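Next come the chains, spelled out residue by residue.
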Amino acid sequence: MTIESTAAPASSNKDRVLIFDTTLRDGEQSPGATMTFEEKLEVADMLDAMGVDIIEAGFPIASEGDFEAVSAVARRVKRATVAGLARAAIKDIERCAEAVRHAVNPRIHTFISTSPVHMKFKLQKSAEEVLEMVTAQVTRARNHVPDVEWSAEDGTRTEMDFLCRTVEAAIRAGATTINIPDTVGYTVPEEYEAIFRTVRERVPNSDKAIFSVHCHNDLGLAVANTIAGLRGGARQIECTINGIGERAGNAALEEVVMALRTRADILPYHNGIESTMLTRASKLVSAVTSFPVQYNKAIVGRNAFAHESGIHQDGMLKNAQTYEIMTPESVGVSKTSLVMGKHSGRNAFRTKLKEMGYELGDNGLEDAFKRFKDLADKKKVVYDDDIEALVDDQIGHAGERIKVEALTVIAGTMGPQTATLTLSIDGNHITKQATGNGPVDAIFNAIHALVPHTATLELYQVHAVTQGTDAQAEVSIRLIENGKSVTAKGADPDTLVASARAYVAALNKLMVKRLKSAPEPMAGQRLKP
Ligand code: KIV
Ligand code: ZN
């Protein structure tokens with residue numbers, strides 16, 4: 001066995017697999033994962049730079065905010081195709097066409113449900129009506145752009161005869177990509193492979209379109225199903241960074257890419273992703289969504305390349321290939337060489353961030369450096385995890401309208417615990433004092449008095465970034481308002497300051513979410529698929 005290189009292995013064009021990233025659409029539909037306009041652009045830039053073939057930038061009809069974001073991504077992205085999602089409705093397709101029209105390569109991705117359960121209960125339409133809608137929606141989309149993707153929503157629970165009829169109709173109407181999504185994460189690899197094989201064999205015009213996989217992870221099979229779909233003849237993979245997405249999420253881009261690369265000996269499919277950017281992309285998406293990456297997550301988890309047991313460490317020292325099937329460097333984790341402390345200068349800090357996969361602009365670097373210096377004054381040793389928490393906190397809070405400016409708390413056995421908090425709201429400083437049942441409650445009451453809202457606190461979680469009593473605290477908060485949830489994080493050596501920062505970050509995200517005024521769903525169709 002040899003360790004893989006980061007360059008995609010050369011093989012024939014028929015095995016070139018297109019990577020369609022839907023972090024900005026399906027990923028953003030994860031409960032709590034809201035991205036601001038600027039954050040979406042940052043993620044789009046990253047996806048374009050790492051070699052994603054198609055970026056699904058959003059669902060333009062969903063809100064003014066979604067429309068603006070898709071249009072801005074379309075104007076900005078240099079290389080990748082930019083897709084927008086549209087239901088089988090005239091206004092959806094028109095809005096989507098308008099949003100993607102400035103892209104170098106625009107795509108309209110339109111979908112309708114084809115399974116008996118969806119047609120009967122969700123659409124309340126007969127199979128024949130749905131078939132007609134397929135032709136109409138694809139024809140309309142093709143009048144706007146030459147690149148049209150059609151998806152059979154709930155495809156894996158669709159009767160095979162009907163699936164073949166709809167696919168044939170979509171291709172006849174001009175669809176260039178056919179997606180058969182496992183919308184509810186129900187299929188298993190053998191079945192998914194067979195679906196693609198059968199449809200491609202039975203549909204007479206199937207050679208006129210590229211087939212696509214789109215797998216949800218409800219049974220933890222999204223990546224396995226994705227690979228099975230390729231065996232069945234699909235050549236486009238829909239996936240998201242860190243596997244975020246509806247419910248249990250989508251197939252994780254980094255897992256699919258590294259599985260194909262590491263097992264190129266039996267999986268002869270190649271793609272254009274620069275794998276050394278995977279860690280950076282994961283960190284960026286985690287920071288902007290405030291969704292932590294689980295420690296043992298494949299490829300990008302903190303422990304993915306950590307060897308704890310003595311036997312493993314011994315083997316690793318003798319030869320890394322004993323326990324490593326891919327190198328950390330191949331996914332962008334470099335062996336960190338610089339130990340940081342209060343004497344470290346700006347250049348060393350910049351190099352360190354680069355080693356860790358971060359690239360900040362001049363202003364961002366300056367702010368992060370200042371916070372690092374403050375931290376190094378307070379803390380004996382600054383670990384990589386400390387720097388990661390600090391930078392993620394900074395990325396997650398960039399451009400916020402409400403900021404924590406100052407906080408003083410009186411706590412201890414002699415109540416009442418009191419918080420005096422100054423917030424800057426759109427640049428205006430306002431101070432409030434509040435008491436509470438404990439210091440955190442007092443802080444949250446002060447925030448409530450300064451920023452009245454109806455959201456309720458659903459989750460409050462504190463964890464220490466490193467060990468020791470001087471460790472930084474990272475606080476995660478989830479707020480819910482009118483059924484919409486947002487998650488945010490705050491980090492600081494002071495747990496109470498971290499709590500205030502996290503709560504305020506969640507309120508900022510909630511404001512963004514409120515701006516997304518959703519239009520009426522069409523009869524029988526939910527707005528977010
Ligand atoms: O899961 C799904 O079916 C979707 C479609 C819109 C492709 O996200
Ligand atoms: Zn989906």
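Look above for the structure.
Notes on the structure follow.

Conventions used here
Residues numbered from 1 in each chain as written. Chains lettered and ligands numbered in written order. Predicted model: local features only at pLDDT ≥ 70, side-chain atom pairs only at ≥ 80, totals over all residues. Heavy atoms only, no water. Phe/Tyr/Trp six-rings, centres within 6.5 Å; stacked < 30°, edge-to-face > 60°. Helix = DSSP H or I, 4+ residues; strand = E, 2+ residues; numbered from the N terminus. Buried < 20%, exposed > 50% of the residue type's maximum accessible area, 1.4 Å probe, protein only. 1 Å grid on protein atoms, 1.4 Å probe; cavity = no way out; pocket = protein on both sides within 12 Å on 5 of 7 lines; lining within 4 Å. Points joined across faces, edges and corners; volume = space filled by probe spheres on them. Nonpolar A, V, L, I, M, F, W, Y, C, P; charged D, E, K, R; others polar. Pairing = 2+ DSSP bridges. Axes fitted to C-alpha atoms, helices over the stretch in contact; angles between N-to-C directions. Contact = heavy atoms within 4.5 Å. Polar contact = N/O pair within 3.5 Å; in protein donor to acceptor, adjacent residues only side chain to side chain.

Re the packing of aromatic side chains
Evaluated as defined, the whole model comprises 6 aromatic pairs. With centroids separated by 4.9 Å and ring planes inclined at 85°, the aromatic side chains of tyrosine 192 and phenylalanine 196 adopt a geometry described as edge-to-face. Of this pair, tyrosine 192 and phenylalanine 196 both sit in helix H7 (residues 189–202), 4 residues apart, which is roughly one turn of that helix. Residues tyrosine 192 and phenylalanine 196 agree in their burial class; the two are buried. The interplanar angle of 35° and the centroid separation of 6.2 Å between the aromatic rings of phenylalanine 369 and phenylalanine 372 together place this pair among those described as tilted.

Details of the layout of surface pockets
What the largest pocket holds in volume is close to 1,400 Å³. Around the largest pocket, the lining comprises 49 residues; the ones closest to its centre are Glu39, Ile395, His397, Ala398 and Gly399. Of the residues contributing to the lining of the largest pocket, the split by class is 18 nonpolar, 11 polar and 20 charged. Estimated volume of the second largest pocket: approximately 1,100 Å³. Along its surface, the second largest pocket is lined by 39 residues, and Lys283, Gly301, Arg302, Asp385 and Glu388 are the ones closest to its centre. Put simply, the parts of the chain that give the lining of the second largest pocket at least two residues each are helix H10 (278–289), helix H14 (384–397), strand S12 (456–464) and strand S13 (473–481).

Focus on the sheet that holds S13
An order of S12-S13-S14 is seen for the 3 strands of this open sheet, with the pairing classed as antiparallel. The sheet is open, and its two edges are formed by S12 and strand S14 (484–492), each paired on a single side. In this sheet, adjacent strand axes meet at a mean angle of 15° when their direction is disregarded. With 8 bridges joining them, S12 and S13 adopt antiparallel strand pairing. When the bridges of S13 are listed, alanine 464 appears paired with alanine 473. In the packing of H14 onto the sheet, the strands contacted are S13 and S14, and the crossing angle to S14 comes to about 135°.

Focus: unusual backbone geometry
Proline 416 follows glycine 415 through a cis peptide bond whose omega is -5°. With a phi angle near 65°, asparagine 242 is a residue other than glycine that sits in the positive phi range. Residue position: asparagine 242 is located in the loop between strand S8 (236–239) and helix H9 (253–262). If you check the backbone angles, arginine 247 has positive phi at about 50° while not being a glycine. If you trace the backbone, arginine 247 turns up in the loop between S8 and H9.

Comments concerning the side chain of serine 290
By the secondary structure assignment, serine 290 is in the loop between H10 and helix H11 (310–318). According to the relative accessible area criterion, serine 290 is buried, its value standing at 5%. A polar contact of 3.5 Å, which involves the side chain of serine 290, links it to the side chain of lysine 509. Setting aside residues no more than four positions away along its own chain, serine 290 makes contact with Thr487, Ala488, Lys489 and Lys509.

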